[in-house]
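Notes for the structure review
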Amino acid sequence: MKRILVIFSHPALQSSRANKQLLQALSGLDGITLHDLYHHYPDMFIDVKREQGLLSEHDIIVFQHPFYWYSCPAIMKEWMDLVLEYGYAYGPEAHALSGKQWLSAITTGGAPESYCSAGYNQRPLLDFLLPFQQTAQLCGMTWLPPFVLHSFHKIRDPEALRRCGQDYRQLLCALRDEQLTPAQLAGSAYLRDLLEGLS
Ligand SMILES: Cc1cc2nc3c(=O)[nH]c(=O)nc-3n(C[C@H](O)[C@H](O)[C@H](O)COP(=O)(O)O)c2cc1C
């Protein structure tokens, strides 16, 4: 069983709908550690050694956050700038993160069709995730197809809302239990594309 660390960033969790739903869906799962950055570091002073210790105890690192300005909330960028330091995460002698997996789990305001050349965001969502993908690559980590939840605010049906959380739970369990093969993961653009094969 792989150990999963969910590094969660949301500056206004009290007003969240999407991320709250995703977090709720993970409650009580074995092998999954939830780490809420804004909760632990309300002043943004990140304890680098503590974070590196947490990383060393886990195999799959999930970065869960709302998509803000085509990127992540500020604390996750601060976390990356400080924790993924030279000599630890990258550089000739740095192997601390080699072989670990990186999963971006993001929620967006924009609908799927807004993320294409004809849409107002003009590019596929995956293009905007390239800095994260390349960061994973430079740290020797394996980039997993991202879990994306689009325009959750438009979903009103309580059953559909619940199902989004259940999809996330099921996919993280499948990663934890190694039910998805490297070929399946490498061959999918989005993690949710792999749901069908699981049920
Ligand atoms: C500061 C800010 C920037 C945002 N930037 C984007 C963006 O670049 N693309 C997008 O699709 N949605 C954007 N949104 C919408 C959020 O991604 C969306 O509200 C969030 O994912 C919903 O999750 P929540 O209910 O957990 O807050 C932005 C929202 C805020 C507040």
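Residues numbered from 1 in each chain as written. Predicted model: local features only at pLDDT ≥ 70, side-chain atom pairs only at ≥ 80, totals over all residues. Heavy atoms only, no water.

The name recorded for the protein chain in an unreviewed UniProt entry is NAD(P)H-dependent oxidoreductase, from Aeromonas sanarellii.

**Some details on the overall build of the protein chain**
Where we set the bar: Elements are defined by DSSP. Helices are runs of H or I of four residues or more, strands are runs of E of two residues or more, and each kind is numbered from the N terminus. Atoms considered for the radius of gyration are the C-alpha atoms alone. The globule rule reads 2.2 Å times the number of residues to the power 0.38. Any pair of residues with heavy atoms lying within 4.5 Å of one another is described as a contacting pair. Computed by Shrake-Rupley with a 1.4 Å probe, the accessible areas treat only the displayed protein chains as cover when residues are assessed. As used throughout, the charge tally considers Lys and Arg to be positive and Asp and Glu to be negative, leaving His and the chain termini uncounted. Taken as the charge location is NZ of Lys, CZ of Arg, CG of Asp or CD of Glu.
Each helix and strand counted, the protein chain has eight helices and six strands in total. Along its sequence from the N terminus, the protein chain presents helices and strands in the succession β-α-β-α-α-β-α-β-α-α-β-β-α-α. Rg of the C-alpha trace for the protein chain: 16 Å, near the compact-globule value of 16 Å for 199 residues, within the 12% margin. In terms of principal-axis extent, the alpha carbons of the protein chain reach across some 50 × 40 × 40 Å. Counting only contacts in the protein chain whose residues sit at least 6 apart along the sequence, the fraction spanning at least 24 positions is 76%. If you sum the accessible surface of the protein chain, you get close to 9900 Å²; carbon and sulfur atoms cover 53% of it. Here the protein chain holds 16 positive side-chain charges and 20 negative ones, and the gap between their average locations is 5 Å.

**Thoughts on the site of the ligand**
For clarity, the cut-off: Throughout this document, a residue counts as near a molecule or strand when at least one of its heavy atoms sits within 4 Å of that molecule or strand. In the analysis that follows, any N or O atom pair within 3.5 Å is treated as a polar contact, provided that within protein one partner can donate a hydrogen and the other can accept it, and provided that, for residues neighboring in sequence, both atoms belong to side chains. Throughout, the ten residues Ala, Val, Leu, Ile, Met, Phe, Trp, Tyr, Cys and Pro are labelled nonpolar, Asp, Glu, Lys and Arg are labelled charged, and all others, Gly among them, are labelled polar.
Near the ligand there are 15 residues, and of these Ser16, Arg17, Phe67, Thr107 and Tyr115 occur at the shortest range. Between the ligand and Asn19 there is a distance of 2.8 Å, counted from an oxygen atom to a side-chain nitrogen or oxygen. Between Gly110 and the ligand, the recorded distance is 2.9 Å, taken from a backbone N or O atom to an oxygen atom. Coverage of the ligand by the protein amounts to 70% of the 640 Å² it exposes when considered alone. Breaking the shell around the ligand down by element, the ones donating at least two residues are α1 (18–26) and β4 (101–108). A class-by-class count of the residues in the shell around the ligand yields seven nonpolar, seven polar and one charged.

**Some details on the pattern of salt bridges**
What counts, and what does not: A pairing counts as a salt bridge when a side-chain nitrogen of Lys or Arg comes within 4 Å of a carboxyl oxygen of Asp or Glu.
Counted under the stated rule, the structure contains eight salt bridges. Across the pair Lys49 and Glu85 runs a salt bridge whose closest N-O atoms are separated by 3.7 Å. In this pair, Lys49 is assigned in helix α3 (residues 48–56) and Glu85 in the loop between α4 (74–83) and β4, connecting sequence segments 36 residues apart. Here the salt bridges do not stand alone but share partners, grouping Glu159, Arg162 and Arg163 into one network.

**Some details on the packing of α3 against α4**
For any two helices packed against each other, the geometry comes down to the angle between their axes and how far apart the axes lie. Counted only if it meets this: Every axis corresponds to a line fitted to the C-alpha atoms, with the helix fit spanning only the stretch in contact, and the corresponding angles, defined between N-to-C directions, vary from 0 to 180 degrees. The labels follow the angle: roughly parallel below 35 degrees, roughly antiparallel above 145, roughly perpendicular from 65 to 115, and oblique for the rest.
Contact geometry for α3 and α4: axes closest at 10 Å, N-to-C directions at 90°. Taken as axis vectors, α3 and α4 run roughly perpendicular relative to one another. Contacts from Val48, Glu51, Gln52 and Leu55 of α3 reach α4 at Trp79, Leu82 and Val83. Within the contact of α3 with α4, the residues separate by chemical class into five nonpolar, one polar and one charged.

**Looking at α3**
Where we set the bar: The cut-offs for exposure are 20% and 50% of the maximum accessible area for each residue type, with area from a 1.4 Å probe on protein chains only; residues under the lower value are buried, those over the upper are exposed, and the others partly exposed. Relevant arc is that of directions from the helix axis to the C-beta atoms, nothing else.
Residues Val48, Glu51, Gln52, Leu54 and Leu55 constitute the buried set of α3. All buried residues of α3 fall inside an arc of 155° around its axis, so they share one side. Buried-residue contacts for α3 involve β1 (4–8), β2 (32–36), α2 (37–40), β3 (60–66) and α4. Among the residues of α3, the N-terminal cap falls to Asp47, whose side-chain oxygen and the backbone nitrogen of Lys49 are separated by 3.3 Å.

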